[in-house]
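In case you want the letters, here they are:
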Amino acid sequence: NGNRDSNTYYTSLQSAGVPPSISRLITHMLENEEDLGGLLFRPNYDKRVTCLTDVMGDLQQMLDNPNSYLHDSLIMRLEPIIPNKMYGRDEELRICLDVAARTATRTTTTTKVAMTTTTARSIPISPKEEECPDSSSSSSSSFCQQAIVISGLSGCGKTFLVKEVQTRLEQKGKWQYLHCKFDQETKPQPLSTITRAFDNYLMHVVPLFDVGKKDELICRIEELLDGNDVDTLSKIIPTLKKLMMKTTTANEDVIADACISNSSFSYEQKMNDEDISFLTRDAVASKFRLHRIFGLLVKALSPPKFPLLIYLDDLQWADTASLELINSLLASEHQPSTMTDEKLHGESSSEMLFIGAIRSNDVAASSSGPLEECIQKMKDCNTITLTEIHLKGLSSSGVNDIVSNALCYPRRLTRSLANLIHQKSAGSPLFVKEFLNSLAAENLLTYSLSRHEWRWDEGVINLKSVSNGVVDLLTSRLRRLPGGVLLGLQVMSCFGHDVSLEILVHVRDVFGTPDVVVGLDLAVKELLVTKSDNLGGDHSKVVYSFVHDMVQTTVYQGIDGQERVRLLKSIADTLIVRTSSSSSSSSSSS
């Protein structure tokens, strides 16, 4: 009888034009016990409202996001959609923004917080093992270079935290953002990952600057770097030369020995071994000269008016040469060795914040010695303030935020499901998202159009086994994709974390269709891949990226061994033919 009455009330409210969410809330309030004001008491009913906090929570979600929680316009999709954003990291976000604020105001701090480690001792930073200057001996030491290292298991939300930091800083209208991602699969040449990141920054970000800001940047580069320095860096950052639009005589002996003991060095598809001489007589001096002029470039790109956030993702895969360069860039702010460098501490000072991310579960699989040494040097140097943040699993409340957001359903109603998922996921945001997707795909999580509510059976979900965690969930999800979409993802995975549309068009024959965009755009809708903005209408600059490394890894490792060899050979052969024909056409036209 109570059930019939509650349906009657709900239907009446709907007929009167009351939004479904309000109708649902009122009905649940009426289903309380009589002494709590309920008129439609239903024993053992877990959806009734029992306190004012529940009411306020529902109403606040409706106010914050009316399209999702008030009008129910998004729930007609009948499946969970989990936005790729930060969840449950408010305290860590606050710490990062505080560090950024200290960077922008160039103030010194010695404050320690629970998840932050800050140390200050001397470290060698030059070939002569000279120590960092004491604060009493150099005025430049009054400000410490800020660095943040974020660690945590794969899928814990490190990148989303940094992206939220980036968004908050860019909203201030000053900060610029440079992203450098190291990759385990592609195994690039030493330093090439960092130089490619800077080349992409100069190629794609700087052109978006207004004329005055761009002119100021060029003036700073001309002030801090002479012609030979620009030409040297242009060998590994080709866009720098185009930006400066000047021709100088190259000094080619400097670069190679930054990768001591490496017999080859190449910047992917833009530099070959013939560009550089490896027979320098003083490898150590060459390395430190490269570090110096690279540091000057970074300072030129980060004037006080426009601070620069440099995000170094997956540091556990960084090569030794790159880690040495990172240490040098962090310490170089306070090491004037020439008249040019001394200018950096005056009008040409810079403001930059380094954030590095480390995947804890992969550190053991990598050669972690150089990384540990790199971080230890940051801790030991008295001119670097290092903030260490370790991300653990989300709390049950954090998981509930994801579930509520994905279902567009009040937190009080998703709490029981979230607690169950939290137990299985250990609070991993990536696991939570994939587990929700699997529940919907297996009809263990369904939406009732008549009652405007989600339904699930906690007993059945509790029995659901996921022996290999996220990998099992991703594998099952990939199997449900259309064949063309899966093949597109497999081709993408052979290139690493991201690949440009220009390259994918070259290998379109491998896809089995001339239109490679269709399948990849379906993968974008499935939230497996992201697509960069089409800058300036140039389709060749569009880049497709996997939403997470574990997606790329699962796709790649899911390809059968022999099939993978065949696919890689087909891609290589196709690229050779396409690029060769393009080069021939260019030569003929010229």
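Let me sum up the structure you'll find in this document. Bear in mind that the values here come from a model prediction, so they are computed numbers and not experimental data. (Residues numbered from 1 in each chain as written. Predicted model: local features only at pLDDT ≥ 70, side-chain atom pairs only at ≥ 80, totals over all residues. Heavy atoms only, no water.)

So, on to the sheet that holds strand 9 (residues 529-531). As summarised here, the arrangement of the 3 strands in space is 8-10-9, forming an open sheet in which the pairing is antiparallel. Pairing within the sheet leaves two strands with one partner each, and these edge strands are strand 8 (498-500) and strand 9. This sheet shows a mean twist of 20° between the axes of neighbouring strands, independent of strand direction. Both strand 9 and strand 10 (residues 543-546) contribute to a ladder of 3 bridges, which runs antiparallel. Looking across to strand 10, one finds that threonine 530 is bridged to serine 545. Of the strands in this sheet, strand 9 and strand 10 touch helix 24 (residues 516-525), which is tilted by about 115° from strand 9. (Pairing = 2+ DSSP bridges. Helix = DSSP H or I, 4+ residues; strand = E, 2+ residues; numbered from the N terminus. Axes fitted to C-alpha atoms, helices over the stretch in contact; angles between N-to-C directions. Contact = heavy atoms within 4.5 Å.)

All right, on to empty space enclosed by the protein then. Enumeration according to the criterion identifies 4 cavities of 30 Å³ or more in this entry. Each pocket or cavity is described by its volume, and for the largest cavity that value is around 80 Å³. Contributing to the lining of the largest cavity are Gln176, Tyr201, Phe209, Lys213, Glu216, Leu217, Arg220, Ala300, Leu301, Pro303 and Phe306. Top contributing element to the lining of the largest cavity by residue count: helix 8 (residues 211-224), with 4 residues. (1 Å grid on protein atoms, 1.4 Å probe; cavity = no way out; pocket = protein on both sides within 12 Å on 5 of 7 lines; lining within 4 Å. Points joined across faces, edges and corners; volume = space filled by probe spheres on them.)

We now examine the pattern of salt bridges. A full pass over the atoms with the stated rule returns 22 salt bridges. Aspartate 54 is paired through a salt bridge with arginine 415; the nearest N and O atoms lie 4.0 Å apart. With a gap of 361 residues between them, aspartate 54 in helix 3 (residues 52-64) and arginine 415 in helix 17 (residues 411-425) connect regions that are remote in the sequence. For arginine 415, a relative accessible area of 38% puts it in the partly exposed group. Taken together, the shared-partner salt bridges connect Lys181, Asp313, Asp314, Arg359 and Asp549 into one network. (Salt bridge = Lys/Arg side-chain N within 4 Å of Asp/Glu carboxyl O. Buried < 20%, exposed > 50% of the residue type's maximum accessible area, 1.4 Å probe, protein only.)

A few words on the packing of helix 16 (residues 396-407) against helix 18 (residues 429-441). Relative orientation of the contacting elements helix 16 and helix 18 amounts to 35°, with a least axis distance of 10 Å. Our pair here, helix 16 against helix 18, has a crossing hand that is right-handed. Contacts from Val399, Ile402, Val403 and Ala406 of helix 16 reach helix 18 at Pro429, Val432, Lys433 and Leu436. Of the residues in the contact of helix 16 with helix 18, the class split is 7 nonpolar, no polar and 1 charged. (Left-handed = near helix turned anticlockwise from the far one by under 90°. Nonpolar A, V, L, I, M, F, W, Y, C, P; charged D, E, K, R; others polar.)

A word on the nonpolar core. Within the largest apolar cluster, 58 residues are counted, with the highest numbers of intra-cluster contacts made by Val403, Leu417, Leu489 and Leu504. Looking at this core element by element, the count peaks at 6 residues for helix 18. In this structure, leucine 417 is in contact with Val403, Leu407, Leu436, Leu439, Leu445, Trp456, Glu458 and Ile461, ignoring residues within four places of it in sequence. Ala147, Leu297, Leu329 and Leu330 belong to the second largest nonpolar core, which has 56 residues in total. (Core = buried A, V, L, I, M, F, W, Y, C linked by side-chain atoms within 4.5 Å.)

For leucine 191, which is not glycine, the phi dihedral falls at a positive 75°. Relative to the elements of secondary structure, leucine 191 occurs in the loop between strand 2 (176-181) and helix 7 (192-205). Residue class for leucine 191 comes out buried when judged on its relative accessible area of 4%. Residue aspartate 314 is not a glycine yet carries a positive backbone phi of 55°. Residue position: aspartate 314 is located in the loop between strand 3 (308-313) and helix 12 (320-331).

Before going further, it helps to spend a moment on the sheet that holds strand 5 (residues 384-391). Strand order in the open sheet made by the 5 strands is 2-3-4-1-5, with parallel pairing throughout. Whereas interior strands pair on both sides, the edge strands pair on one side only; in this sheet they are strand 2 and strand 5. The average undirected angle you get between the axes of adjacent strands in this sheet is 15°. The strands touched by helix 5 (residues 90-105) within the sheet are strand 1 (145-152), strand 4 (352-359) and strand 5, with strand 5 carrying the most contacts at an inclination of about 165°.

Structurally, the position occupied by isoleucine 571 is in helix 26 (residues 561-589). Distance in space between the C-alpha atoms of isoleucine 571 and histidine 506 is 9.0 Å, their sequence separation being 65 residues.

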